[in-house]
Amino acid sequence: MPRKIIIDTDPGQDDAVAILLALGSPREIDVLGIVAVAGNVQVHQNATNALKILELAGRPDIPVYVGCERPMRHKLFTAEYIHGKTGLDGPDLAEPTIVPRDQHGVDYLIETLRREPTGTVTICALGPLTNLGMAFVKAPDIVPRIQEIVLMGGGLFEGGNVTPAAEFNIYVDPEAADVVFHSGVPITVVPLDVSHMMLTTQPRIERFRSLGNKTGVATAEMLDFFDRFDKAKYGWDGGPLHDPCVIAYLLKPGLFKGRHVNVAIETQSDLTRGMTVVDYWGVTGRVKNTNYLRSGDSDGFYDLLVERLSTLP
Ligand code: RIB
Ligand code: CA
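Reading the values: rules and limits
- Residues numbered from 1 in each chain as written.
- Chains lettered and ligands numbered in written order.
- Predicted model: local features only at pLDDT ≥ 70, side-chain atom pairs only at ≥ 80, totals over all residues.
- Heavy atoms only, no water.
- Helix = DSSP H or I, 4+ residues; strand = E, 2+ residues; numbered from the N terminus.
- Axes fitted to C-alpha atoms, helices over the stretch in contact; angles between N-to-C directions.
- Parallel < 35°, antiparallel > 145°, perpendicular 65-115°, else oblique.
- Left-handed = near helix turned anticlockwise from the far one by under 90°.
- Contact = heavy atoms within 4.5 Å.
- Nonpolar A, V, L, I, M, F, W, Y, C, P; charged D, E, K, R; others polar.
- Near = heavy atom within 4 Å.
- Polar contact = N/O pair within 3.5 Å; in protein donor to acceptor, adjacent residues only side chain to side chain.
- Areas by Shrake-Rupley, 256 points an atom, 1.4 Å probe, with all protein chains shown as cover.
- Patch = residues over 30% accessible without salt bridge, like charges linked within 9 Å, V, L, I, M, F, W, Y side chains within 5 Å.
- Salt bridge = Lys/Arg side-chain N within 4 Å of Asp/Glu carboxyl O.
- Buried < 20%, exposed > 50% of the residue type's maximum accessible area, 1.4 Å probe, protein only.

Novice: Break down unusual backbone geometry for me, citing the residues and quoting the values.
Specialist: Gly12 follows Pro11 through a cis peptide bond whose omega is -10°. Among the secondary structure elements, Gly12 is positioned in the loop between strand S1 (3-9) and helix H1 (13-23).

Novice: Can you explain the packing of helix H9 (residues 202-209) against helix H12 (residues 298-309)? Please cite residues and give values.
Specialist: Remark: H9 packs on H12, axes separated minimally by 10 Å, with the N-to-C direction vectors making an angle of 15°. One finds that H9 runs roughly parallel with respect to H12. The crossing of H9 and H12 is right-handed. On the side of H9, the interface is formed by Arg204, Arg207 and Phe208, while H12 contributes Ser298, Asp299, Tyr302, Asp303, Leu305, Val306 and Leu309. Considering only residue class, the contact of H9 with H12 consists of five nonpolar, one polar and four charged.

Novice: If you had to explain the site of ligand 1 to someone new, which residues and values would you point to?
Specialist: Of all residues adjacent to ligand 1, which total 13 residues, the nearest are Asp14, Leu126, Asn161, Glu167 and Asp243. Within the side chain of Asn161, a nitrogen or oxygen atom sits 2.8 Å from an oxygen atom of ligand 1. In the environment of ligand 1, an oxygen atom lies 2.7 Å from a nitrogen or oxygen atom belonging to the side chain of Asp243. When ligand 1 is considered free in solution it has 280 Å² of accessible area, and contact with the protein chains removes 97% of it. Secondary-structure elements contributing two or more residues to the shell around ligand 1 are H1 and helix H6 (168-172). Classifying every residue of the shell around ligand 1 by side-chain character gives three nonpolar, five polar and five charged.

Novice: If you had to explain a nonpolar patch on the surface to someone new, which residues and values would you point to?
Specialist: On the surface, Phe157, Trp281 and Val283 cluster together to form a nonpolar patch covering roughly 380 Å² of accessible area. Along the chain, Phe157 turns up in the loop between strand S5 (146-152) and H6. Given a relative accessible area of 36%, Phe157 falls into the partly exposed group.

Novice: Tell me about the environment of Val121, and name the residues and values.
Specialist: Within the secondary structure, Val121 sits in strand S4 (residues 121-125). Since its relative accessible area comes to 1%, Val121 is described here as buried.

Novice: Account for the packing of H1 against helix H2 (residues 43-56), with residues named and values stated.
Specialist: Running from amino to carboxyl end, H1 crosses H2 at an angle of 35°, the nearest separation of the two axes being 10 Å. Note that H1 runs across H2; the crossing there is right-handed. Touching Ala16, Ile19, Leu20 and Leu23 of H1 are Ile53, Leu54 and Leu56, all from H2. For the contact of H1 with H2, the residue count by class is seven nonpolar, no polar and no charged.

Interpretation note: all reported values are geometric properties and have no functional meaning in isolation.
Have a look at this one:
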């Protein structure tokens, strides 16, 4: 029975590859819907980008919803400097012929979690946690109904990527992250500690380009664009590929290693806003609220991506 998931996302080239990985794995994953959140770029553009990816993959049937336009407290901080003006720069993807549904993304999350049997829906969060945090505030009854949240965000050994302390998804909306990490929902975190092992080296990009399908060419063009900033910043031979690790974890958890720890979110300090304070060595006695992934098998990850994306149009 495929695992039912809702993808909450701010595409974002890496989000796009994560969505494609999910769509390329129909035996294991059933994507109920996609909810856009403000993050890499403005929320309506993120929704348009999600629609473009669904049409690229031949899945116009999957509903897309527009979620929150700004974080709970702070002014929206976006990342066009990484993802380009459209948020999906690189390939020349046609404007979508499909449109987002009318229902607000937060209400879609609430309605779906109330409708589906308890413990049968996993939330894959690939952007700031605003939609999820707002859903928990508006409808606390959905919290115990969620099977698991698997999210890309935070970091410990790799520090931050927006500030020395904070990773983008948590930095943008630390208050929403604080609500989620205090919720009691089972959480698995894919932090920078993992995604910085998953580098988009040129040979790996060429594997996508030579797949012989539209998806492979578009993926190569997305990654050619997406990794420029990080390659220059870190001096590595590829950029870190963050969000697809969330879906890869659902498909092959054995690719990753981690441990249950407490993760708390800094919301008070300007200096360390959005820092994930990870009690990796168990010194605080705080509740172990997170399955914190520490490492991943990059060759196995890219083999999985190539295998699954090869099945798409
Ligand atoms: O820090 C990386 C995260 O921020 C990824 O989800 C990327 O898409 C951006 O949203
Ligand atoms: Ca993202």
